[in-house]
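Examination of the molecular architecture
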Amino acid sequence: MVPRLGMSCHQFALSCLRLKPVCVLQVWPSFCDCRSLIWSVCNFMCHEKCLRNVKTLCSCLAPDLVKVPVAHCLGVPALYKKKFCAVCRRQLEESPAIRCEVCELHVHVDCGPFACSDCRRCHQDGQYDRESYHHHWREGNLSPSARCDVCKKCCGSAEVLSGIRCEWCGTTVHADCYSNLTPECSLGRLQNMILPPNCVRVCARNFSKFHCLRISESTQVEQVDDDGDDDDVDTGSHGSYKDMQSPSTTDSGKQTLKIFDGNDTVKRNQFRLITVPRISKTEEAVEAALRTYYIPDDPQDYELQTFTQDALYSDDIINRNGGGEESMNLSVFHDTIPEAWVLRAKPKDREIIKVYPGWLKFGMAYISIPINIETTVKAVTQEVLLQLGRQDENVEGFELVEVLMGCKQVQCMVLSPSEQLLGRLQDIRKISVRQMNQTRFYITQNQNSVVQVNLLLMALPPQLTQDNYLSLLKNYLEIKGNLVSLSYVYAEQGAAVLDISCFAEAERIFMLVKDTTISDRQLTTVIIPDIQVSQLPQDSFPLLLFVNPKSGGLKGRELLYSFRKLLNPHQVFDLSNGGPLSGLHTFRQVPYFRVLVCGGDGTVGWVLGVLEEVRHKLNCPVPPVAVLPLGTGNDLARVLRWGPGYSGEDPFSILVAVDEAEEVLMDRWTILLDGQEVVEGTENGVPELEPPKIVQMNNYCGIGIDAELSLDFHQAREEDPDKFNSRFHNKGVYVKVGLQKISHTRSLHRDLKLQVDDREVELPNIEGLIFLNIPSWGSGADLWGSENDARFDKPRMDDGMLEVVGVTGVVHMGQVQGGLRSGIRIAQGTYFRVTLLKSIPVQVDGEPWVQSPGYIIISAVGPKVHMLKKCKQKQKKQTGSFKDSLEMGN
């Protein structure tokens, strides 16, 4: 950092940031007569008296703090309020910004290339594995009410980037207080629910982080209202302005320059602007160019070259303003102003490079090695081994790896032993001076690591044998038998898991699947992480979390982001990318885990259905399931006390409530639909009947008027799905559909027959027949009623019986939902047979269709499912209670 003295925080804040004067260290306003320091590179400011406590490095030096480079998952540009850029430390105002989908990094779009590759390390990859995990600190963007866990004073601010927070355990501290904490992280309040990162292994060298974490690269731009003031933008601090045709400034005494930092930015036309006085010397312009590219080097080692195509591809780096020391005293501008300038590094005969032995697990940070024009990679390797005390080992057993710590991708390249290292450094600087600042050299030991990439292939033809699947994949994907094997087959879902022992083959199959169609179905695939069950703590029962991003408008997408930050992203699954099977297969060997489903009743039924089909392949066959309601009705969530719908509650509080929830049982039912309608297109003149269909029921099944309303609503949503993005609008459409049916009359009791257990039941004059498994219907209505009746038992969701209720029409249904009436109680039982005499609308858990004449048989299915019911009062959950209950149940 380059401090400028003599300006108060108050004066600087008014002139540049329009913020209340705040010292970053003390997080309270400074006084006008208080001398302060302002760093012109990254806009860090503090009182002069606080300088001795500064422990936050400038953005240009931040890469030096990175122990293990991990790339970020930067999303699409959006507008974020009350957030600050991690690079230039300015507020994210009305200009587009990007955020990481895994950690709390927020940066301007133009500052993104300068962000450190310091994302959370969520899995092991065989390069820097360790059994314990340390805190992962992220500076700023804390709540203004956040308090330091060390000194108990306020450490958050809405005015500046201040305070730091561990992105695993949530601990918040001042920058000068965190050294009082132990480096080991306990994962905080959610430690029993988080999948520890040291227990997850992913071999995916050639895949992006988006692919490894199954994160969809969406193209939608979010609009977030910003109620703050519009701050001035200092063009000398950040931004690439490709739209500007010619640099200019309103100040006649200053001039704006386009600056490129190498051949790569010239080809991409990605430049940055600096503003310097017209009478400034070349040295001042070079210093400004280094600042705008966050390069902390000596300006004497660099020079500005006038941009021309000939100069771009020339091997000679020359200063177009002159040469030698005299050129540093000349003015940048002459009679004609150059269009652009290229920042170049002056060639050197000798340099010092830093070699990091971190992946060899040594205590020291790096080793400084002097090199010259004749120094080879092999010579550097020998010198590093000598300083490490391993000179007796064979140098052929080690290699020097060049690592580019890009913000979006960390690239590794093994250097040839005969390559001259000084020439390599000059080539990197010629491509990009900034890139050299993000490049490290690691010494690693050659070892034959085991490569195993697991891909889950879906949308295959169902009900095939393992040999048939293998033969099918050989035909369509040309998989190599010596590199690929099938470890798991899910015939009912039409899915198979490939174990691949070659990175190149895994990448080829992954890309080929996107363009492969079998039986008119597009194949899909996801990367499956390997959970090291033996490394899980004894008191751990991690949470498997499913989110339907299409539910609840944009709330599902925001919940995905929030839960990925609070938990390990490897335990958060997007149901639109792989469905429930990918998550259940990932957790197949975990002995105890819980499930949280974020979606509507249909989403919950989808997850429970897949869970029932694969439970025999899970070490935890009956994991309890919690529900976060994102749908319209959310009747199951209401019964389990999770509320009528998600309305923006704190995701952390939701996870705590899941951890404290009590376990209850719920019946599930199988519905056999045996239609007797003849299918069109018979063969050999022999009529064929419609094949039977089986569906699962969790909440209720409706026949007649309520199914007809659901069908009309479903058809309206299919015609224009973009309008159905809120519960309020959805209920409005339901009301509109109901009013259109209010004058319709039908005699349902004449169109069907009902048998309960072994007896025929005579139906009253009704328009709708409903089978209830839970005491909530139609968005929370009590259709059965609360009156005591000696003919029937009190209904429960785990009593092994269904309640049969009738409604007389739309008006009756409206009265039930308004709490004015209840339904007509007809029967209770365990086995039901309905004979349809004509085609009638039917709906199961909100999914409607028109059922042809025939039979509908409802019976209990398998074991009861375990659900999590939210506690009325918060209680401290006893460690091991969940495990004990499962062991007793098994």
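All residue numbers refer to positions counted from 1 along the written sequence of the respective chain. At least 70 in pLDDT is required for a residue's local features to be given in this predicted model, at least 80 for side-chain atom pairs to be given and counted, and no such filter applies to totals for whole chains, interfaces and linings, which use all residues. Water and hydrogen atoms play no part in the side-chain values, which are based on all heavy atoms of the structure.

**Re the confidence of the model for the protein**
- Mean pLDDT for the protein: 80, with 77% of residues reaching 70 or above.
- Scored between 0 and 100, pLDDT is the confidence that the predictor attaches to each residue. Numbering of helices and strands runs from the N terminus; a helix is a DSSP stretch of H or I covering at least four residues, while a strand is a stretch of E covering at least two. Of all the helices and strands in the protein, helix α1 (residues 9–17) carries the lowest mean pLDDT, 32, while strand β26 (residues 543–547) carries the highest, 96.
- Note on contacts: a residue pair qualifies if any of its non-hydrogen atoms lie within 4.5 Å across the two residues. Note on residues 219–248: pLDDT is under 50 here. Beyond four places in sequence and across chains, it has 74 contacts.
- Across residues 875–890, confidence stays below pLDDT 50; counting only partners more than four residues off in sequence or on other chains, it has 23 contacts.

**Looking at the environment of threonine 381**
- Position of threonine 381 among the secondary structure elements: in helix α6 (residues 377–387).
- Non-local contacts of threonine 381, meaning those with residues more than four positions away in its chain, are made with Val395, Phe398, Leu400 and Ile443.

**A word on the sheet that holds strand β6 (residues 137–139)**
- With antiparallel pairing, the three strands of this open sheet are ordered in space as β6-β7-β8. Each edge of the open sheet is held by one strand with a lone partner, namely β6 and β8 (172–173).
- Here the rule is simple: two strands pair whenever DSSP picks up at least two bridges between them. Alignment of strand β7 (residues 164–166) against β8, held across two bridges, turns out to be antiparallel. From the neighbouring strand, isoleucine 164 faces β8, where its bridge partner is valine 173.

**Notes on the pairing of strand β16 (residues 398–405)**
- Here β16 lies mainly inside the structure; seven of its eight residues are buried.
- Note that β16 and strand β17 (residues 410–414) share five bridges and pair antiparallel. In the sheet register, valine 403 faces β17, and the bridge partner there is cysteine 412.
- Between β16 and the antiparallel strand that follows it, β17, lie four residues. Burial status follows relative accessibility: with a 1.4 Å probe on protein chains alone, a residue under 20% of its type maximum counts as buried, one over 50% as exposed, and anything between as partly exposed.

**Notes on the packing of helix α12 (residues 579–586) against helix α13 (residues 601–614)**
- Only C-alpha atoms enter the line fits that serve as axes; for helices the fit covers just the stretch in contact. Angles between N-to-C directions range over 0 to 180 degrees. Contact pair α12 / α13: the axes reach a minimum separation of 9 Å and the direction vectors enclose 50°. Relative to α13, the element α12 lies oblique. Note on packing geometry: the crossing formed by α12 with α13 is right-handed. The residues of α13 that touch α12, namely those facing Gly579, Pro580, Leu581 and Leu584, are Trp606, Val607, Val610, Leu611 and Val614.
- Ten residue types, Ala, Val, Leu, Ile, Met, Phe, Trp, Tyr, Cys and Pro, are classed as nonpolar, four, Asp, Glu, Lys and Arg, as charged, and the remainder, Gly among them, as polar. For the contact of α12 with α13, a count of residues per class yields eight nonpolar, one polar and no charged. To sort the angles, those under 35 degrees are grouped as roughly parallel, those over 145 as roughly antiparallel, those from 65 to 115 as roughly perpendicular, and the leftovers as oblique. It is the rotation of the near helix from the far one that decides the hand of a crossing: anticlockwise by less than a right angle makes it left-handed, clockwise makes it right-handed.

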